[in-house]
Structure formats: C-alpha cells, structure tokens
Amino acid sequence: MVFLMLATTGWTAVYRPASEASPRDAALASWAAARFEGRALPAADAPAPVVARFFANLDGAQRARLTEGHPLVVGNLDGVPPGVRYRANRMALKQAVRIEDARAHDRTLAPSDRATAARRAHRFASLAEPGRQILVFDPTGSALVAEVFGDLGEARRVSVIVPGVDTDALTFERTMRRLTAPVGMAESLYAAERTAAPGSRTAVIAWAGYTAPTGVGMDAATGRLAVDGAARLRSLTSALPGRASVALFCHSYGSVVCGVAAHELPPRVTDIVVAGSPGMRAENAAELDTSARVWAMRDAGDWIADVPHLEFGGLGHGADPVSEEFGARVLSAAGAKSHTGYFEPGTESLDNFAKIGTGAFGSTVCAAGDDTCRRGTSGTDGP
C-alpha cells in the first residue's frame, strides 16, 4: 500500500514565478560578460583551485568591489574564501528581500503568490541577519541555501547535514518543531560536538543545497532529484577550504542523495551516516564503492521501516541500510522517537552523531549492544 502511494502520488510544484528570468541566470550572464581591472573573471563552473588562486591574488578592496558587483555569483562560487562568500550572500539576500517584498505588495499577483512572496521575504531577512554564515544562496525556484556553524576555515572536522523531503528555503529553519529543520539539526549537532570534545575544531553545515522532493510523492520514490543533489554534494565536499575531514549525516531522502554521491565523493569524506533511510540505491555497502565508513540507524518507531526496501523500474531505493545483509555499521538510535527525532538532545542517535563528528569512533553505541559497529575503527581518530 505504501509503495503504491509512492508510485502514484502526483508531482508537486515549486514556487517559480512565470515569465520571469531567473536571478541566478541573469547574474551568471553578467559575470561571464564582465572584466575586472582588465582581467577576465574565472568561469562560474571553474574548478575550485582555479577560483581560489584568482581570489588569492586580490586584495581586500578588490574582493569587496567584486563582491558588491556580483554578489549572487561570488556567494556561490566554490573556491572563494568562506568569509567573502558570507558577505556576498548577505548582500544577495538583502536584494532578494527587496524583490520579494515588492511582490508581496503587487496587487496584480494572485493572493497565494503574494503570501508566498511575503514568507520568502521574511525568511531571507532572517538569513541576512548579522552573524549568520550563509555559504550558499540561490533564490531560484524554491531556493537553495546552506549555513555554517563554527569556523569553517579553521575546522579539522566538518559535519554536513543532508536533509530529506520538504526541505527548501522556507523550511530551512522552524520556530516550532525546530529540530526537524536543517538549521535546528545543525545547531543541535554542533552543540553536541562541542560538549563531546570541547577542544576540537569542528564546524557543521546545514545544507539545503539541492532541490528536495515535496511530500511523499513520485519525486520521493525515485532517484531523479537525488542525482542532481549528489552532484551538488560532491561539489560542496570537494571545495571546502583546508584539509578538514568530512562526515555526512544524511536523513531520510538525504540518504538517497548520499548513496548516489558515494562513489564520487572525495577521499576527505571519511564517514557517511544515514538515519531513517528509505535506501541508498544500492544493495549493500560495498556497492556504494566508497572508502568512507558507512553507518546506519533507525528508531524502532520510525515509519520509514514500513516503506518497501526494494527498487523496481526506477521506483524505490533498494536494500535497507540497517539490515545485516547491507553491511553498514548499525548504530543505536534509542530515544529518537519516530522519523524526525534523531537530532533531539539526550538521544543515543545525537550522541552517536557527535562521536562520529569528533572522531571518537571507539565510544559509539551499537544497535546490537555489542562492539560490532566499532570494529576496525581506531577508537579516536585525531583531535
């Protein structure tokens, strides 16, 4: 019954005003045509090292001028120093607030479109507040966004939250049910990591950098959106500054994204952790073809257990990652209480996340109550 629902539920629309050019496309066209102090700018899809070298040769004033002229490109350009991206995205967000506020008061638009614009203006204004570290912002469609907690440039370990369905700019953070949204998840994990290892240099990224499925419909039952999400995740993890190791914490459909990306992730991704997973589009961990450790957990009350773990004709996501046959390191999720509670303080799921995020593999708690999930780890892998 659940599988039939997944296969037959209709496609859902995202907010994308008709007849309007994408702000991102317009920004890219302007960037491609521009020259800066007699020099051509690096292509927007240039490898991160090329972009990094270009920005390394600019002084502070030059970086500021380039950022002011092209905030929507600079803020999303892999290889640009994090601090420069934060400033650029704050500018882009403020510009987006003005655009959405104008739409919210445009009486030629339908009431539903005005209401959506008002909500977007409110969300973008919140993201633009001083002190927030927005690493990704693209207002196109339902919008893409990512936020950093901690010092990304100095971190020795970086944790990336990869969320699932119903994630977009409007649901990126929530006041009610805070820990079901990427910002709340990241804040909770960052606090747990600092408690678990106060002296460690860690950072956590709340990443809503891909178009996630809306609802439990056809998009959620296939890997179509996961393919694009996987490419974006590979780009993010490859371009992070420094030499920090990376752990991915993939919730629900986010685990599909992580599974599709696994074989092409850079070696710095040392751990892939899936929680409440419908499958990783693989029959076993070996099929993921990754050097990263693969961990899995599921709360006893999580409804995702009732979704058929199979793939047929492109529908479904394959084997159950917590099954013995899959071969992942199965962690305890005690206390998580259903599908959305994995980041709740006081749960073994969050404690296990924090231990992996800080490298304390030897103290993780296995679902089986023994040491099976810890075998082959070095206990604590660096500071």
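The paragraphs below set out a description of the structure included in this document. Bear in mind that the values here come from a model prediction, so they are computed numbers and not experimental data. (Residues numbered from 1 in each chain as written. Predicted model: local features only at pLDDT ≥ 70, side-chain atom pairs only at ≥ 80, totals over all residues. Heavy atoms only, no water.)

### Some words on the state of the cysteines
Applying the stated criterion across every chain, the model contains two disulfides. The disulfide partner of cysteine 250 is cysteine 258, and the S-S distance across this bridge is 2.1 Å. Its torsion about the S-S bond being -90°, the disulfide of cysteine 250 and cysteine 258 is classed as left-handed. Residue classification places cysteine 258 among the buried positions, given a relative accessible area of 0%. Between the sulfur atoms of cysteine 366 and its disulfide mate cysteine 373 the distance is 2.1 Å. Here the S-S torsion is close to -85°, and the disulfide linking cysteine 366 with cysteine 373 is therefore left-handed. The pair cysteine 366 / cysteine 373 is uniform in exposure class, with both members buried. Taken in N- to C-terminal order, the disulfide-linked cysteines of the protein are connected 1-2, 3-4. (Disulfide = S-S within 2.5 Å. Buried < 20%, exposed > 50% of the residue type's maximum accessible area, 1.4 Å probe, protein only.)

### Quick notes on the pattern of salt bridges
Scanning the model with the defined rule gives 14 salt bridges in all. Residue glutamate 147 pairs with arginine 132 through a salt bridge whose shortest N-O separation is 2.6 Å. Note that glutamate 147 is positioned in strand E4 (residues 144-150) and arginine 132 in the loop between helix H7 (111-127) and strand E3 (133-138), a separation of 15 residues in sequence. The buried category is assigned to arginine 132, whose relative accessible area is 12%. For arginine 298, the salt bridge is made with aspartate 320, and the minimal N-O distance between the two is 2.9 Å. Here the residue arginine 298 occupies a position in the loop between strand E9 (293-297) and strand E10 (329-330), and aspartate 320 occupies one in the loop between E9 and E10, the gap between them amounting to 22 residues. Using a relative accessible area of 25% as the deciding quantity, one classes arginine 298 as partly exposed. Classification of aspartate 320 by relative accessible area gives buried; the value is 14%. (Salt bridge = Lys/Arg side-chain N within 4 Å of Asp/Glu carboxyl O. Helix = DSSP H or I, 4+ residues; strand = E, 2+ residues; numbered from the N terminus.)

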